[in-house]
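Spelled out, the chains give:
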Amino acid sequence: MLRQIQPEPDDVIIFVFGEVDVRCHMLRIATSKGLSLQAEADDLATRYITALTEAINYFPHRPKICVMGIVPPIDPLVPNPILPNVGTLAERLVAWFLLDKALAARAHQAGYTFVAIPRSYHSRDGSLKRRYSDGHAHIAKDCTEAAVRAVEKSLGISLGFRPLPIWRNMLRAATRQLAILNKDYAVLWTLGEANVDG
């Protein structure tokens, strides 16, 4: 995919990696290989940053590279039968913490900007706050402002993000809370997919 684009010298490419690995793969693979989660996290982060570096070496102009931190895990309202959770939330939190730290270290070593997911998204135990989720595994699109601002601050750029007007934000927040109370996954997903700026 990267070979199909032609970045300009001032372009920034933002990579987001790891949520599905934490949710579905790390615990299973570490167990099957007889490795610790730390060893699996270090290996995965190293292979990812190495592959990313090799891919961007094809560009005639070297763009600025930003690697986003990993969205913390959550127990979904409705499990995904195709890509199910492996392990308990506590086990996935350990895997998430280790992979996020390994990814940050490897990104810094490669000279890339690493942007951690802002603490405002984290519950006390470190998991993703349900009120910011799409009900499944991601930060909902209508709840992305803090993440966008973190990227802007880290890169020193403006992304032109336009938050919802206050009345629409309040209406959406109320709808989100009702959906959480009713465990209505479809409503959360729809809100997450909705156009942020209308």
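Residues numbered from 1 in each chain as written. Predicted model: local features only at pLDDT ≥ 70, side-chain atom pairs only at ≥ 80, totals over all residues. Heavy atoms only, no water.

Q: Would you take a moment to explain the packing of aromatic side chains for this structure?
A: Each aromatic ring pair is described using two quantities: the centre-to-centre distance and the angle formed by the ring planes. Considering all chains together, one arrives at 2 aromatic pairs under this definition. Look at Phe 17 and Tyr 48: their rings are 3.8 Å apart centre to centre, the planes differ by 15 degrees, and that puts the pair in the stacked class. Separated by 31 residues along the polypeptide, Phe 17 in the loop between strand E1 (12–16) and helix H1 (19–33) and Tyr 48 in helix H2 (residues 37–56) bring together distant segments of the chain. Here the two residues Phe 17 and Tyr 48 agree in accessibility, since each one is buried. Between the aromatic rings of Tyr 121 and Tyr 132, the centroid separation amounts to 5.3 Å while the plane-to-plane angle is 75 degrees, which identifies the pairing as edge-to-face. Highlighted residues: Tyr 121 in the loop between strand E3 (113–115) and helix H4 (145–155) and Tyr 132 in the loop between E3 and H4, separated in sequence by 11 residues. (Phe/Tyr/Trp six-rings, centres within 6.5 Å; stacked < 30°, edge-to-face > 60°. Helix = DSSP H or I, 4+ residues; strand = E, 2+ residues; numbered from the N terminus. Buried < 20%, exposed > 50% of the residue type's maximum accessible area, 1.4 Å probe, protein only.)

Q: Help me out: how do you make sense of the pairing of strand E2 (residues 64–68) in this one?
A: Two faces belong to every sheet, and in a regular strand the side chains alternate between them. Most of E2 is tucked away, with 4 of its 5 residues classed as buried. Examined bridge by bridge, E1 and E2 share 5 bridges and lie parallel to one another. Bridging across to E2, Ile 13 finds its partner in Ile 65. Sheet topology note: the E2/E3 ladder contains 3 bridges and is parallel. Of the residues in E3, the one forming a bridge with Val 67 is Phe 114. Of the crossover connections in this fold, the one passing from E2 over helix H3 (residues 89–109) to the parallel E3 is right-handed. (Pairing = 2+ DSSP bridges. Right-handed = clockwise from strand over helix to strand, strands pointing away.)

Q: Just checking my understanding: could you explain the pattern of salt bridges for this structure?
A: Side chains that differ in charge, positive against negative, can pair when their charged atoms come close. This model, assessed by the stated rule, comprises 7 salt bridges. Between Lys 33 and Glu 40 there is a salt bridge, with its nearest N and O atoms 3.6 Å apart. Exposure remark for Glu 40: the relative accessible area of 2% places this residue in the buried category. For the salt bridge of Arg 92 with Asp 75, the shortest nitrogen-to-oxygen distance reads 2.4 Å. Here Arg 92 is found in helix H3, whereas its partner Asp 75 is found in the loop between E2 and H3, with 17 residues between them in sequence. Judged by relative accessible area, Asp 75 falls into the partly exposed class, the value being 33%. Each of Glu 145, Arg 149 and Glu 152 takes part in salt bridges that share partners, so that together they form one network. (Salt bridge = Lys/Arg side-chain N within 4 Å of Asp/Glu carboxyl O.)

Q: I'm lost on the sheet that holds E3 in this one. Help?
A: Picture the strands of a sheet paired through backbone hydrogen bonds; they go either parallel or antiparallel. Ordered in space as E1-E2-E3, the 3 strands form an open sheet in which the pairing is parallel. The strands lining the two open edges of the sheet, one partner per strand, are E1 and E3. Looking at each pair of strands side by side, their axes are set apart by 25 degrees on average, direction ignored. Against the sheet, H2 engages E1 and E2, with an angle of about 155 degrees to E2. (Axes fitted to C-alpha atoms, helices over the stretch in contact; angles between N-to-C directions. Contact = heavy atoms within 4.5 Å.)

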